[in-house]
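# Chains, contacts and geometry: an overview
One letter stands for each residue in the lines below.
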Amino acid sequence: MLLETKGDVLREAITRTQSEIDSLFDALLPVPGDTSARLVEAMRYAAIGGGKRVRPLLVCSTAALFGVSRDAALRAGAAIEAIHVYSLIHDDLPCMDNDDLRHGKPTLHKAYDEATAVLAGDALHALAFEILADDATSEDPFTRSELILTLGQASGMSGMAGGQMMDMVADAEGVVYDLHAVTRLQQLKTGALLAAAVEMGAILGKVAPQGRAHLRAYARDIGLAFQIVDDLLDVEGDIEKAGKALRKDDAQGKQTFVTLLGVERAREQARALVDQAELRLASYGPEADVLRALARYIVERDR
C-alpha cells in the first residue's frame, strides 16, 4: 500500500503517466494496411495497457524539476519504456525465462508466436532510438545525442543486456554468485534502466553531468531496492496480483538477495536504501514529492 500522506500524489502521477504513455504508443504505432500489420499489432499488444510505467514516471518527474515540457519528457519516457518492453518480450521467450504470463495476460510469444515476438522486440528497440533522434523530443542535437548515448549504454552490454547475460550464465553453468556479484548483476539488469530514466530527465533539463550526482545516487538506491523487493515478492507475493509466475528463483536454485540475506535482512536493506534515496532529494521542495513517494512505494508494493 502507498503511504497515506503521499499516496494520492503518486497514484495520480502513475495513472496520468500510464494514460499518456498508452496514448503516445497508440500514436507511434499505427497499424499498416499490408502484411507487416501483424508485427505492429504484436508491438501494440506488448506496449499498450501494461505495467506501472515506473521508468517514464521517473523521466517525467525528474524533468519536471527543471521545467522541461511534459511532451518532451513523455517522448523520452516512451523511448525508455520501449526498451523495457522489448526486454520483457525477449526475457519471456523459451530460450530465456520461458514464461507464459506477463501483466496478467499471455506473453507475446504465446499470444502470437516466437518469431513474431523476436521481431516485435527488435522493432521496439529500434523505435526507442527513433523517438530520441527525432527533433520533436528536443530541438537541441546535443541533447538528443546525449539521450541516445545514455539509453544505449543502459540497455547494452554495459547495462541491461550484460546483466541478463550474467543471469543466464548462472542458470546454465551453475555459477554461484556472492552478494557482491548479485548486486552487480542487478545493478546492470534492473538498475541501469531505472538510473537512465532519472539521468534522461536531467539531460532534458540541461543539467551538467557533475550536477546530476545526487540524482544518479537516488536512482541507484531505488534500483537496488526495487530488485530486493522483487526477490521478496517472488518468495511471498500473490500470483494473481503479480500477474506473472512467482516462486521461480527458489525452484531454479538462484542466488538472490533473499537467499543471501534472508527475508528480514533483505527487507531491512530495501527500507534503508529507500530512506537513503529520499535523503538524496533533500535539496528539493514539494516539486520532488513524486520522486519521494515513488521511492517509498517501491518497498510497499505488493506486485
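Preceding block: the structure.
Residues numbered from 1 in each chain as written. Predicted model: local features only at pLDDT ≥ 70, side-chain atom pairs only at ≥ 80, totals over all residues. Heavy atoms only, no water.

## With respect to the packing of aromatic side chains
A full pass over the atoms with the stated rule returns two aromatic pairs. When the ring of Y45 is compared with that of Y112, the centres are 5.8 Å apart and the planes differ by 75 degrees; the resulting orientation is edge-to-face. A residue pair is termed long-range when its members are at least 10 positions apart, and Y45 in helix α2 (residues 37-47) and Y112 in the loop between α5 (108-111) and α6 (114-133) qualify at 67 residues. On the basis of an interplanar angle of 80 degrees and a centroid distance of 6.5 Å, the ring pair of F66 and Y284 is categorised as edge-to-face. You can see F66 sitting in the loop between α3 (54-64) and α4 (70-91) and its partner Y284 sitting in the loop between α14 (263-279) and α15 (289-300), a full 218 residues away along the chain. For K105, the ring lying beneath its charged end belongs to Y45, and the centroid distance is 4.0 Å. (Phe/Tyr/Trp six-rings, centres within 6.5 Å; stacked < 30°, edge-to-face > 60°. Helix = DSSP H or I, 4+ residues; strand = E, 2+ residues; numbered from the N terminus. Lys NZ or Arg CZ within 6 Å of the ring centre and 35° of its normal.)

## Some details on α15
Along its twelve residues, α15 runs 16 Å from first to last C-alpha, staying within 8% of the 16 Å computed at 1.5 Å per residue. For α15, the buried fraction is high: nine of the twelve residues fall into the buried class. Burial in α15 covers these residues: V290, L291, R292, A293, L294, A295, R296, Y297 and I298. (Expected span 1.5 Å × (residues − 1). Buried < 20%, exposed > 50% of the residue type's maximum accessible area, 1.4 Å probe, protein only.)

## Observations concerning unusual backbone geometry
What is expected of a backbone is that most residues other than glycine have negative phi and most peptide bonds are trans. The phi dihedral of H103 is positive, around 55 degrees, even though this residue is not glycine. Note on placement: H103 falls in the loop between β1 (101-102) and β2 (105-106). The exposure class of H103 is partly exposed, given its relative accessible area of 41%. Despite not being glycine, K206 shows a phi value in the positive range, around 60 degrees. You can see K206 is positioned in the loop between α9 (179-204) and α10 (213-236).

## A short note on the environment of S87
As for its position among the elements, S87 is in helix α4. For the pair S87 and Q164, spaced 77 residues apart in sequence, the C-alpha separation works out to 9.6 Å.

## Notes on the pattern of salt bridges
On inspection of all chains with the given rule, the structure shows 22 salt bridges. One salt bridge in this structure joins R53 and D22, with 2.6 Å as the shortest N-O distance. Taken together, the positions of R53 in the loop between α2 and α3 and D22 in helix α1 (residues 4-28) put the pair 31 residues apart, joining distant regions of the chain. Taking the shortest distance from any N to any O, the salt bridge between R53 and E81 comes out at 2.9 Å. Residue R53 is found in the loop between α2 and α3, and its partner E81 is found in helix α4; the two are separated by 28 residues along the sequence. Take R53 and E81: they sit in the same class, and that class is buried. Shared partners join several salt bridges into a network, and the residues in it are E146, E199, R212 and R216. (Salt bridge = Lys/Arg side-chain N within 4 Å of Asp/Glu carboxyl O.)

## A word on the side chain of R53
By relative accessible area, R53 is classed as buried at 2%. Of note is the side chain of R53, whose polar atom sits 2.6 Å from the backbone oxygen of A47. Beyond its immediate chain neighbours, meaning those up to four positions away, R53 contacts T17, Q18, I21, D22, F25, A47, I48 and E81. (Polar contact = N/O pair within 3.5 Å; in protein donor to acceptor, adjacent residues only side chain to side chain. Contact = heavy atoms within 4.5 Å.)

## Focus: the packing of α6 against helix α7 (residues 141-155)
Two elements in contact, α6 and α7, have axes whose closest approach is 9 Å; the angle formed by their N-to-C orientations is 160 degrees. By the angle between their directions, the pair α6 and α7 is classed as roughly antiparallel. For α6 against α7, the interelement crossing comes out right-handed. Packed against α6, whose contacting residues are A128, F129, L132 and A133, the element α7 presents R144, L147, I148, L151, G152 and S155 at the interface. Partitioned by chemical class, the residues of the contact of α6 with α7 number seven nonpolar, two polar and one charged. (Axes fitted to C-alpha atoms, helices over the stretch in contact; angles between N-to-C directions. Parallel < 35°, antiparallel > 145°, perpendicular 65-115°, else oblique. Left-handed = near helix turned anticlockwise from the far one by under 90°. Nonpolar A, V, L, I, M, F, W, Y, C, P; charged D, E, K, R; others polar.)

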